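Single-letter residue listing:
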Amino acid sequence: PSNPATPEQLVDALEGMFGRNAGLRRAHPKGFCAEGEWVSTGAGAALTTAATLAPGVRAPVLARFSLAGGNPRAPDNVDNARGLAMRLDLPGNESQDFVVISAPVFGVRTPEQFRDNLIARRPDPATGQPDQARIQAFVAANPEVTRQAAWIRANPPSDSYASAPYFGVHSFLFTNAAGQVRPARWSFEPAEGRRSMTPEDRQRLGANFLEAELAARLARGPAEWRVFLTPAQEGDVLTDATLAWPEDRPRVEVARLSIRRVAAADACTGLMFSPVSLPRGIDPSEDPILQMRTPAYAESFSRRSGGQ
Ligand code: HEM
C-alpha cells in the first residue's frame, strides 16, 4: 500500500472514533471474564501436532466475552459482532490464545482499510455528525467493507453469549507429524444452537443484558461449543478475512469448549490476548489483518496499562 498503516495509527483511529477511554481496551472495551475447560476430541491430530488438538488433552480456559467496536457503553441489543478471547494452558508449558468474533468475516481486508474506514466515519467536530458523502466515497472505493455488516443484518446478534457462534475469520497453517502443512479456519458452534435476537427480544432484553444473562445461564450448567476446523480447498482465498469460504466445506470436530463460571471483575485487566500466541504445530497465515493485530493490541495494552 502507498501509505502503510502503523499500529499507532490504528489505535489513534480507534481513539478518534470512540474517544480515549483511559485504562480500557481501545477495541472491545465492554466485556467480562469467565473460566472453563477445553477438551480435545483427538480428531484434529491428523492435521496438526499442536498440543491443543492432541488426543485426550484437557486444558483450563480463561475467557473474555465482549462487544466489538470501541464504545465502553455499547448497547447489547443492536447489530454488532460479539467477541470471545481465550487463553488455553496447554501441557508442556505451551499456551494458545483465540481472539474470535460472532461473524464469519471481518469488516476490513487490510490494516489501511481499518484506519481509513474509521477516519471516514469519524463525526465532524463542528456538527457531531458523520459526513455521509465521505463515507459513501470510501465504501464505493472499498466494497469489501460492506460484507460483515451484510452478514450481521441477515444473521442478527444472539440473545446470549452462549447462543452465538464464533469464528476465527483468518486462515492458520496446521502442520502434522508427516510435516504436511494445511491452511484451515476455526469455528465454534453453540451446543444449545444459534439463537438470534428477534425484534421483541431487543425490546425486552434492553441494552445491558448479556453479562447478567450469562451468569444466570452458567448457574444452571456449563455453556458449551463444538469446535471445528475447516481445511481449505483448492482456490480458497487465504489472505482475505472479509471473504467466507463456501458453507459446504467438510469440517473436522476437534474439541469441546465448556465455559463454567464468570471470573473476578479484574481477572483480564492486566492481560492482552494475542491471535498469534500459538503452540508448536500451528502458525499464522499471511493474512495482512492477522499480521497487524498483535502489534495493534500491544499498542492498546501499553496505553491502557500506562494510565492512558
Ligand atoms: C487490523 C485489524 C484489527 C485491529 C487494529 C484490532 C484492534 C484491537 C484492539 C486495539 C484491541 C484491544 C486490545 C487490548 O487492549 O488488549 C482489540 C481487541 C479485540 N479484537 Fe481486534 N482488531 C483487529 C482485528 C480483529 C479481528 C479480525 C478480530 C476477530 C476475528 C478481532 C477481535 C477482537 C476481540 C474479540 C478483542 C477483545 C480481546 C479481549 O477481550 O481482550 N479483532 N482489537
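The rules behind the values
Residues numbered from 1 in each chain as written. Predicted model: local features only at pLDDT ≥ 70, side-chain atom pairs only at ≥ 80, totals over all residues. Helix = DSSP H or I, 4+ residues; strand = E, 2+ residues; numbered from the N terminus. Rg over C-alpha atoms; globule rule 2.2 N^0.38 Å. Buried ≥ 20, exposed ≤ 12 C-beta atoms within 10 Å, placed from the backbone. Contact = placed C-beta atoms within 7 Å. Near = placed C-beta within 6 Å. Nonpolar A, V, L, I, M, F, W, Y, C, P; charged D, E, K, R; others polar. UniProt positions renumbered as here; feature names shortened; annotations may be inferred. Core = buried A, V, L, I, M, F, W, Y, C linked by C-beta atoms within 7 Å. Arc of directions from axis to C-beta.

**Student:** Describe the overall build of the protein, naming the residues involved and giving the relevant values.
**Tutor:** Scanning the protein for helices and strands turns up seven helices and 10 strands. A compact globule built from 308 residues would reach a C-alpha radius of gyration of about 19 Å, and the protein, at 19 Å, matches this within 12%. Viewed in the frame of its principal axes, the protein has a C-alpha envelope of about 60 × 45 × 40 Å. Residue burial in the protein is summarised as follows: out of 308 residues, 41% are buried. A separation threshold of at least 6 residues defines the contact pool for the protein, and within that pool the share at least 24 residues apart is 76%.

**Student:** Can you tell me about the site of the ligand, naming the residues and giving the values?
**Tutor:** The local shell around the ligand holds 29 residues, among which A27, H28, G83, A85 and S300 are the closest. With eight residues, the top contributor of residues to the shell around the ligand is helix α7 (residues 288–305). Counted by class, the shell around the ligand contains 19 nonpolar, five polar and five charged residues.

**Student:** If you had to explain the UniProt feature "domain: Catalase core" (unreviewed entry) in the protein to someone new, which residues and values would you point to?
**Tutor:** The positions UniProt marks with the feature "domain: Catalase core" (unreviewed entry) are residues 6–308. Between the C-alpha atoms that bound residues 6–308 there is a distance of 19 Å. The span itself is 25% helix and 25% strand.

**Student:** Pulling in residues and values, what's your account of the nonpolar core?
**Tutor:** Core analysis: the largest hydrophobic core is formed by 70 residues, its most contacted members being A63, V100 and I101. Setting aside chain neighbours within four positions, we find I101 in contact with A68, A81, R82, G83, Y166, F167 and V169.

**Student:** Explain helix α4 (residues 147–154) to me, and be specific about the residues and the numbers.
**Tutor:** Residues R147, Q148 and I152 constitute the buried set of α4. All buried residues of α4 project into a common sector of 135° when viewed along the axis, lining one side. With respect to the buried face of α4, the exposed residues turned more than 90 degrees away are A150, R153 and A154.

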